[in-house]
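Fold and contact review
For reference, the chains in residue letters:
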Amino acid sequence: MENNEELVLENTENVEEQATEELVEGNNATETTEEPIEEVEEKLYSESEFNSKLDELLSKKIARKEAKIRREYESKYGRVEELLKAGLEKESFEDAVDTLENFYEEKGIKVSEPHYTERDTKILADAEANDIISGGYEDIIEETDRLAKLIENGKASDMEKLVFQKIASERKKQEELKELANLGVQSSELEDKKFKDFIDKLNPSMSLKEKYEMYQKFNPKPKVEPIGSMKTETSKQDEVKDFYTFEEASKYTREDLDKNPKLVEAIEKSMLEWK
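Heads up: these notes are all about the structure in this document. These numbers come from a predicted model, not from an experiment.

**Comments concerning the overall build of the protein chain**
The helix and strand tally for the protein chain stands at 13 helices and 0 strands. The linear arrangement of helices and strands in the protein chain, starting from the amino end, is α-α-α-α-α-α-α-α-α-α-α-α-α. When burial is assessed residue by residue, the protein chain has 16% of its 275 residues classed as buried. Within the protein chain, contacts between residues at least 6 apart in sequence are counted, and of these 44% link residues at least 24 apart.

Following this line, the structure appears as structure tokens:
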């Protein structure tokens, strides 16, 4: 009986030891077969790439916003616009409104425009002009052309006239800056305090180009004397010296020396005195 109990106990211990070994081996196997986590490299953008991406996203967002506004307008007023054009036999909504307005005026009915104080008109016009200018040069061109036609036809409001004055001035300024840039004028020159103080005393009707040319006449740039190979061929031939230092001689190119044998002779004599 005791032998049977010892046999059972021994078998139980063997089973437990084997299970423990398998468990440890299983853990080791799990650790060795674990796949490394792949690191995702972060995409870094340069400033130009970032700005390009931002412009692309903004343009899409603006386009969606404009499309939404257009749909809302057509939903609310599209049918009214078509009814007016058809009923008054006009091609455009603007012509239909003008015809309808003239009809009521003949009846003694005057439809007044929204009334703003002079101060309010200036504030609203300034805000509208700044908004157009912030949209860039293309927006400025589009709005100045549109408002110019309204003013020419006598249909522009006081606020639209003020908006036109500001954005037309900005358009002229940007076009003048582009013209000067094409002539090689740096923007830093135009921002110089001395230049600004000078043009403030000139006639405002003068263009920026005319002001810059006037400034140059009174403030000429110092001339830089050419050295070494920058000298003209004539000056090299006429001004051969008796002695040249090492620094002076090293400024001449092989082409300079090939074209002027006297210069070569003078430099070779000078070499004897170099230390």
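**Here's the deal with the nonpolar core**
Counting residues in each nonpolar core, the largest one holds 11 residues, listed as Leu180, Val185, Leu190, Phe195, Phe198, Ile199, Leu202, Met206, Leu208, Tyr212 and Tyr215. Going through the elements one at a time, helix H8 (193–199) and helix H9 (208–218) are the ones with two or more residues in this core. Once residues lying within four places of it in the same chain are set aside, the contact partners of Met206 are Lys211 and Met214.

**Focus on a negative patch on the surface**
A cluster of like negative charges, contributed by Glu128, Asp131, Glu138, Asp139 and Glu142, occupies part of the molecular surface. Of all the secondary-structure elements, those providing two or more residues to the negative patch are helix H4 (118–134) and helix H5 (137–152). Considering each element in turn, the negative patch owes the most residues, 3 residues, to H5. For Asp139, the location among the structural elements is in helix H5. According to the relative accessible area criterion, Asp139 is partly exposed, its value standing at 33%.

**Focus: H5**
Over its 16 residues, H5 extends 22 Å from the first C-alpha to the last, a length consistent with the 22 Å expected when each residue adds 1.5 Å. For H5, every residue scored as buried is listed here: Tyr137, Ile140, Ile141, Glu143, Thr144 and Leu147. Buried-residue contacts for H5 involve H4 and helix H6 (158–182). Immediately beyond the C-terminal end of H5, within one or two residues, lies Gly154, with a positive phi of roughly 70 degrees.

**Overview of H6**
For H6, spanning 25 residues, the distance from its first C-alpha to its last is 37 Å, which sits close to the expected 36 Å at 1.5 Å a residue. The complete set of buried residues in H6 reads Val163, Ile167, Glu170, Glu176 and Leu180. At the C-terminal side of H6, Gly184 shows a positive phi close to 90 degrees.

**Some details on the pattern of salt bridges**
Scanning the entire structure with this criterion turns up 10 salt bridges. Between Lys166 and Asp126 there is a salt bridge, with its nearest N and O atoms 2.4 Å apart. With Lys166 in helix H6 and Asp126 in helix H4, the pair connects residues that are 40 residues apart, well separated along the chain. Among the charged side chains, a network of salt bridges with common partners joins Asp145, Arg171 and Glu175.

**A look at the packing of H4 against H6**
Between H4 and H6, whose axes approach to 8 Å, the crossing angle comes to 40 degrees. Put simply, H4 runs oblique to H6. At the point where H4 passes H6, the crossing takes the right-handed sense. Of the residues in H6, those touching H4 at Thr121, Lys122, Leu124, Ala125, Asp126, Glu128, Ala129, Asn130, Ile132 and Ile133 are Asp158, Met159, Leu162, Val163, Lys166, Ile167 and Glu170. Its residues placed into classes, the contact of H4 with H6 shows 9 nonpolar, 2 polar and 6 charged.

The rules behind each value
Residues numbered from 1 in each chain as written. Predicted model: local features only at pLDDT ≥ 70, side-chain atom pairs only at ≥ 80, totals over all residues. Heavy atoms only, no water. Helix = DSSP H or I, 4+ residues; strand = E, 2+ residues; numbered from the N terminus. Buried < 20%, exposed > 50% of the residue type's maximum accessible area, 1.4 Å probe, protein only. Contact = heavy atoms within 4.5 Å. Core = buried A, V, L, I, M, F, W, Y, C linked by side-chain atoms within 4.5 Å. Patch = residues over 30% accessible without salt bridge, like charges linked within 9 Å, V, L, I, M, F, W, Y side chains within 5 Å. Areas by Shrake-Rupley, 256 points an atom, 1.4 Å probe, with all protein chains shown as cover. Salt bridge = Lys/Arg side-chain N within 4 Å of Asp/Glu carboxyl O. Lys, Arg positive; Asp, Glu negative; His and termini not counted. Charge placed at Lys NZ, Arg CZ, Asp CG, Glu CD. Expected span 1.5 Å × (residues − 1). Axes fitted to C-alpha atoms, helices over the stretch in contact; angles between N-to-C directions. Parallel < 35°, antiparallel > 145°, perpendicular 65-115°, else oblique. Left-handed = near helix turned anticlockwise from the far one by under 90°. Nonpolar A, V, L, I, M, F, W, Y, C, P; charged D, E, K, R; others polar.

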